[in-house]
Amino acid sequence: MRIEFEVNNRPVVLDTEPDRRLLDVLRDDLGLLSVKEGCSEGECGACTVILNGRAVLSCLTMVGQVQGGRILTSEGLVKDGELHPIQKAFVEAGAVQCGFCTPGFVMSSYALLQRNPNPDEDAIKQALSGNICRCTGYAQLIEAVQAAAKANNE
Amino acid sequence: MAIVGTSVHRNDAWAKARGAAKFTGDIRLPGMVEVAVVRSPHARARILEIDTSRASQINGVLGVFTARDIPGKNLVPLVFQDMPALAMDEVRYHGEAVALVVGDTREAAWAGARAVDVKYRVMDAILDPIKALDKDADKLHGNDNVFRRWTVKKGNVDKALQNAHLVVKGTYHTPYQEHLYLEPQSMVAWWSDEGYIEVHGSMQCPFYVRDAVAAVLGLDLSSVHVIQATTGGGFGGKEDVPSTIAAHAALASFLTGRPARLVLSRDEDILVTSKRHPAVIEYESGFDEQGRLLGVKARYVMDAGAYATLSPIVLWRGTMHAAGPYRVEHVDIEALAVATNKVPCGAYRGFGEPQIHFAFESQMDIAADKLGIDPIEMRLKNALEPGDTTATGQVLKKDVGLVQALNAVREASSWDSRFETPGRKQGTVRRGLGVSAVYYGVGLGAAGQALDRAGAFVQVMYDGSAVFAVGTVEMGQGMVSQLSQVIAQELGVSIERVRALPPDTNLLPDSGPTVASRTTVMSGNAVLNACARIKQQLLEATAGILNEPVDALTIEPGRVTGKNGAATLDEVLHRCFLERRDLASTGWFKSPETTWDEKKGQGSPYMTFAWAANVVEVEVDTETGVVTPIEIWAAHDVGKAINPAQVRGQIIGGSLQGLGYGLMEEIIHKDGLMQNNRLSQYIVPTIGDAPKINAIIIETGFEHGPYGAKGFGEQPLIGIAPALANAVYNATGKRVKTLPITPERLFAALHDDKTVD
Ligand code: FES
Ligand code: FES
């Protein structure tokens, strides 16, 4: 089946089975390896990408569902080699340890700040509740999102 | 400006934040094939026949391999030589590997694995470690099912307990804990007909992986080239298990001639990889009227699972610490690791310590309550201090920060004004405070002394950049950035221009495993050793520029200064180049001597200890049994914090894992079959479960540590569950002696007097 969509502001045309996981298409067909597979059943959030402005789990999304859609991954946040303010905030707040969960958290944070530029702590916790991090203990992730929101509003 | 001691950003974080770090699953090689593993559906069974004919015909399947195809030894070598890479005649736990299927896609490999027809004759499984100790129990190992037994003995404990004013007796049960590193186990192996194999993967111990691959393929160690890939968390779970994963990938590559990748699915990963040992622990602790600890008698039984793997040394560490961080003259500890038909347990952050800390810190709390002594006072009365002798006979030096840690959490949590005597609280929803004291022997200790060594390589380029490599790994804990700080501090190079190369078994000497919170001390000292030689070269070159003696010179960021002038690092490096000076060096470090006399049950097992105290505050809903953690205060003596932000990261992250252990994490078996090996069923703390965690850093130095640093990365996990249980007691007056404290368990304790102490 012919499937057309946009990834990181570039058009993509694929001829593929519509019931393949978006996760596999992004990683194996398009080489977007920031998208990680941690559980394959929608529990860890490592595979989070943005679809039409909302955070979705690419392990539970079939590529047929994204026909005509706009997708953003962590690679797409980097502009001219410069990290996105959210990605920078993650580094500066110490929110990155092993880094396997990081791209997923970055995308969930991005979706949050798009719809709520001034989230309070509860809103941040709510938005990141579908992402698991086994390393950090989460405090630094909350601090990173707060710092990114502040940087954005300045 | 000092770089060591400041919270510089980790230099591996930039690539990770943009998603560019290459984990094993991101490796793409031409012609690469995928491996799937056929696994036992039984806890124990005889293999009657493996029929691979149907699987071999599946489209895309390139080969199906069993134990008979192994060219070398069918062995994953570790402490004992008892675990096969693929089961031969008998499977001994649910999920044990029986055959490998190689496919040109993952789907093909998995379809093939499902089509392999294995005929089993199911046998009676041994599931309960206590029953496994019965004389007439069926034998899985030796003539008593005991993989290893250790004891600590001092004084006359029976007499001490007889004379004690108070004797507290308790039996404690602790659960499995799964590491749940976010990146599943994964490995890529690439056999070359030139006669060597390259292995890249997620691992803590490249040298263990090398040994296992060499064993199964029958190769020289030098023909196995292991390079660690970016590793997405370990916590002990990638200590020995990657040896098996690598053995499977290497066999697949060797037998098909193609690069082969094995990535475990999450379900598979939880099912078959090592876990924290469940334990049954009995304690008798005797006290005088003032609350002084007179004697400790304990029996610590670990459920080790089907093969010994690391159990003998996990047990050793637990045994060494079983009397608690207290002065006590009479001790009798017996500890056993027992074989059962369940997943082999192994290393998990804390390594045999969280179980016994839960037990003896509950004991201390019960005693404090019975004697009417404040729980923190109770611990202060008994806490080990500089110059004291431990239960094993080790004389402590100056770096003992337990009293400081206890006082720090006491003050930070406003303990004195907020702690109320247990059981007096009223109402449905009640708050409580609990405390724990913790110690952690740094490094492998006497039982692993031969491995307690580390190598490094450092090179400064003539443009002022630098590279380094060590034989221990970065798995998320922050090693790379701490060692970069050491190099920047010693050699004056800019930390942004220090790059870490991955550990490589052919280029670095065997540096032992990346475990036991040993990396800061071991690799830190090895890097310092390498830097010292390069530093000498830099100083000699500068002496020529400034016309000053070497001992008048100091290296600072970007320059070398003397009494009368300074040279920029660029000038110094240019001079080094012209003078043909060698700016590359290896470095080496061996840990200080430690001792253990097994017959006497005494010795000085560790080069030093880290120390900690925790206070946990909870809110308990007495109608539902739900425990909500409100806040944690965790004070850790780390010797010296090379990077305080990262120390805080270890404290917060480790504390939350400890909270998961105390509150929610458990593996459920039915008839020896694991029931909840999915992330939707094995529950770990999410952001909503995380209370505020206040990290407090205590620095008492360490004579052998780089800049006085000790290792401590495991310690934050250890003391949370006991402080939590003590807080629940404080809130409700009910003592839970079985972890985790789930709502069902606490509800039962609250509503059934029989289960109450
Ligand atoms: S891989 Fe998609 S949620 Fe875990
Ligand atoms: S940084 Fe390792 S899981 Fe989040």
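The structure displayed is predicted, hence computed values, not measured ones. Residue numbers here run from 1 along each chain, matching the order of that chain's written sequence. To label them, take the chains in the order written and letter them from A, then take the ligands in the order written and number them from 1. For this predicted model, a pLDDT threshold of at least 70 governs which residues receive local features, and a threshold of 80 or more governs which side-chain atom pairs are given and counted, while totals over whole chains, interfaces and linings are taken from all residues. To obtain the side-chain values, all non-hydrogen atoms of the structure were used and water was disregarded.

J.: Explanation requested: the confidence of the model for chain B in the structure shown.
T.: Any residue range with low pLDDT should be treated as having predicted coordinates unsuitable for detailed reading. Confidence scores labelled pLDDT are given residue by residue by the predictor and lie between 0 and 100. Residues of chain B with pLDDT of at least 70 account for 99%, and the chain-wide mean is 97. What the predictor reports for the complex is a pTM of 0.97 with an ipTM of 0.98.

J.: Teacher, can you tell me more about the environment of Pro685(B) here?
T.: Strands here are runs of E lasting at least two residues and helices are runs of H or I lasting at least four, both read from the DSSP assignment and numbered beginning at the N terminus. Within the fold, Pro685(B) resides in the loop between β27 (673-674) and β28 (692-698). Counting along the chain gives 22 residues from Pro685(B) to Leu663(B), while the straight-line C-alpha distance between them is 9.1 Å. The criterion used for residue contact is that any of the two residues' heavy atoms lie within 4.5 Å. Apart from the residues within four sequence positions on either side, Pro685(B) is in contact with Arg134(A), Tyr138(A), Leu656(B), Gly660(B), Met664(B) and Glu665(B).

J.: I would appreciate a short explanation of the environment of Asn694(B) in the present structure.
T.: Residues and elements named next belong to chain B. Of note, asparagine 694 is situated in strand β28. For each residue, the accessible area found with a 1.4 Å probe, counting protein chains only, is set against the maximum for its type, and the residue is called buried under 20%, exposed over 50%, and partly exposed in between. According to the relative accessible area criterion, asparagine 694 is buried, its value standing at 17%. For the pair asparagine 694 and valine 102, spaced 592 residues apart in the sequence, the C-alpha separation amounts to 49 Å. Apart from residues no more than four positions distant in its own chain, asparagine 694 is found in contact with Glu631, Ile632, Trp633 and Ala634. For asparagine 694, the side chain forms a polar contact with the side chain of glutamate 631, separated by 2.9 Å. Here the side chain of asparagine 694 touches lysine 692 through a polar contact of 3.2 Å, side chain to side chain. Any N or O atom pair separated by 3.5 Å or less is treated as a polar contact, with the protein-specific requirement of one donor-capable and one acceptor-capable atom, and with residues adjacent in sequence counted only for side-chain atom pairs.

J.: Got a minute to help me understand the sheet that holds strand β8 (residues 166-174) of chain B in this structure?
T.: Adjacent strands of a sheet form backbone hydrogen bonds with each other and so pair up, either parallel or antiparallel. Residue and element names in this part refer to chain B. For two strands to be treated as a pair, DSSP must find no fewer than two bridges joining them. In space, the 5 strands of this open sheet follow the order β7-β15-β14-β13-β8, with mixed pairing throughout. Two strands close off the open sheet at either side, each with one partner strand: β7 (146-154) and β8. The mean angle between the axes of side-by-side strands here comes to 5°, regardless of whether they run parallel or antiparallel. Where β8 lies against strand β13 (residues 279-287), 9 bridges are found, and the strand directions are antiparallel. Looking at β13, one finds that threonine 174 is bridged to alanine 279. Where helix α9 (residues 311-320) meets the sheet, its contacts fall on β7, β14 (293-305) and β15 (330-339), and the angle it forms with β7 comes to roughly 20°. Axis lines are fitted to C-alpha atoms, over the contacting stretch for helices. Their N-to-C directions set the angle, which ranges from 0 to 180 degrees.

J.: Would you mind going over the domain arrangement of chain B with me for this structure?
T.: The accessible area lost on association of the parts is a frequent measure of interface size. Residue and element names in this part refer to chain B. Residue ranges assigned to each domain were obtained from an automatic or database domain assignment. In terms of domain boundaries, chain B breaks down into domain 1 (24-123 + 185-263), domain 2 (279-446 + 597-755) and domain 3 (453-590). The straight-line distance from the C-alpha centre of domain 1 to that of domain 3 is 39 Å. Facing 20 residues of domain 1, the contacting portion of domain 3 comprises 18 residues. For the pairing of domain 1 and domain 3, the buried interface totals around 1,400 Å² over both sides, and the portion due to carbon and sulfur atoms is 55%. Defined here as a combined quantity, buried area equals the accessible surface (1.4 Å probe) lost by two parts on assembly, summed across both.

J.: Is there a simple way to think about the pattern of salt bridges in this case?
T.: Two side chains carrying opposite charge are able to pair once their charged atoms lie near each other. Residue and element names in this part refer to chain B. The salt bridge definition used is simple: a Lys or Arg side-chain nitrogen within 4 Å of an Asp or Glu carboxyl oxygen. Inspection of the entire model under this criterion finds 58 salt bridges over all chains. A salt bridge links glutamate 619 to arginine 431; the nearest nitrogen and oxygen atoms lie 2.9 Å apart. Of the two residues, glutamate 619 is situated in strand β24 (residues 609-621) and arginine 431 in strand β16 (residues 429-441); the sequence distance between them amounts to 188 residues. For arginine 431, a relative accessible area of 38% corresponds to the partly exposed category. Taking the shortest distance from any N to any O, the salt bridge between aspartate 452 and arginine 518 comes out at 2.8 Å. Of the two residues, aspartate 452 is situated in the loop between β16 and β17 (453-460) and arginine 518 in the loop between β19 (498-500) and α15 (519-546); the sequence distance between them amounts to 66 residues. For arginine 518, a relative accessible area of 0% puts it in the buried group. What emerges from the salt-bridge pattern is a single network uniting Arg44, Arg46, Glu90, Arg92 and Asp138.

J.: Is there a simple way to think about the side chain of Arg266(B) in this case?
T.: Among the structural elements, Arg266(B) can be located in helix α8 (residues 266-272). We count Lys and Arg on the positive side and Asp and Glu on the negative side, and we leave His and both chain ends out. Despite being buried, Arg266(B) has no salt bridge partner; Asp269(B) is the closest side chain of opposite charge, sitting 4.5 Å away. Looking at Arg266(B), its side chain comes within polar contact range of the main-chain oxygen of Tyr181(B), at 3.1 Å. At 2.7 Å, the side chain of Arg266(B) and the backbone oxygen of Leu182(B) are in polar contact. Residue contacts for Arg266(B): discarding those within four places in its chain leaves Gly38(A), Cys39(A), Leu180(B), Tyr181(B), Leu182(B), Glu183(B), Pro184(B), Asn677(B) and Leu679(B).

J.: Even after reading the chapter, I still don't get helix α6 (residues 206-217) of chain B, so can you show me in this structure?
T.: Given 3.6 residues per turn, any residue in an α-helix points the same way as the ones three and four places further on. Residue and element names in this part refer to chain B. Under the convention used throughout, the expected extent of a helix is 1.5 Å for every residue step, that is, one less than its residue count. The end-to-end C-alpha distance of α6, which contains 12 residues, comes to 17 Å, matching closely the 16 Å that a straight helix rising 1.5 Å per residue would cover. Judged by how many residues are buried, α6 sits mostly within the fold: 11 of 12 residues are covered. Buried within α6 we find Pro206, Phe207, Tyr208, Val209, Arg210, Ala212, Val213, Ala214, Ala215, Val216 and Leu217. Check the buried side of α6 and you find it contacts β10 (196-201), β11 (224-228) and α7 (241-256). Glycine 218 sits one or two positions beyond α6 and adopts a positive phi of about 65°.

J.: Looking at this model, I keep getting lost on the packing of aromatic side chains. Mind explaining?
T.: When we look at a pair of aromatic rings, we describe it by the centre distance and by the angle of the planes. All names here are of chain B. A pair of Phe, Tyr and Trp rings is counted when the ring centres sit within 6.5 Å of each other, with Trp represented by its six-membered ring. The angle between the planes then sorts it: under 30 degrees is stacked, over 60 is edge-to-face, the rest tilted. Tallying each qualifying case throughout the model produces 16 aromatic pairs over all chains. Taking the centre distance of 6.4 Å and the plane angle of 65° together, the rings of phenylalanine 80 and phenylalanine 147 count as edge-to-face. Note that phenylalanine 80 is positioned in the loop between β3 (61-66) and β4 (90-91) and phenylalanine 147 in strand β7, a separation of 67 residues in sequence. Taking the relative accessible area as the measure of exposure, phenylalanine 147 reaches 5% and is therefore buried. Aromatic pair tryptophan 150 and tryptophan 316: ring centres 6.4 Å apart, planes at 65°, arrangement edge-to-face. Here the residue tryptophan 150 occupies a position in strand β7, and tryptophan 316 occupies one in helix α9, the gap between them amounting to 166 residues. The same class applies to tryptophan 150 and to tryptophan 316, which are both buried. Chaining the aromatic ring pairs together yields one cluster made of Trp150, Trp316, Tyr439, Trp596, Tyr606, Phe609 and Trp611. In this scheme, the term charge over a ring applies when either NZ of a lysine or CZ of an arginine sits within 6 Å of the ring centre and within 35 degrees of the ring normal. Above the face of the tyrosine 181 ring, lysine 238 is positioned so that its terminal group lies 4.4 Å from the ring centre. The lysine or arginine in question, arginine 276, covers the ring of tyrosine 661, its NZ or CZ lying 5.0 Å from the ring centre.

J.: Help me out: how do you make sense of the sheet that holds strand β18 (residues 466-470) of chain B in this one?
T.: All names here are of chain B. With respect to topology, 4 strands assemble into an open sheet ordered β19-β18-β17-β23, the strand pairing being mixed. In the strand order of this sheet, the two ends are held by β19 and β23 (584-590), each with one partner. Pairs of neighbouring strands in the sheet enclose a mean axial angle of 20°, with direction left out of account.

J.: Looking at this structure, how should I read the domain arrangement of chain A?
T.: Residues and elements named next belong to chain A. As assigned here, chain A comprises domain 1 (2-73) and domain 2 (85-153). Between the C-alpha centres of domain 1 and domain 2 the distance comes to 21 Å. The interface is formed by 15 residues belonging to domain 1 together with 10 residues belonging to domain 2. Summed over both partners, the interface of domain 1 with domain 2 comes to about 960 Å²; 68% of that surface belongs to carbon and sulfur atoms. Per-residue buried area on domain 1 facing domain 2 is highest for Lys36, Thr48 and Ile50; these three make up 35% of the total on that side. The interface formed by domain 1 and domain 2 holds 0 salt bridges in total. For the interface between domain 1 and domain 2, the tally reads 3 residue pairs in polar contact (both at pLDDT 80 or more). Take the side of domain 1 that touches domain 2: its biggest share by element is 3 residues, from strand β3 (residues 48-51). Gly counts as polar in this scheme, as do all residues outside two lists: the nonpolar Ala, Val, Leu, Ile, Met, Phe, Trp, Tyr, Cys and Pro, and the charged Asp, Glu, Lys and Arg. Grouping the constituent residues of the side of domain 1 that touches domain 2 by class yields 6 nonpolar, 6 polar and 3 charged.

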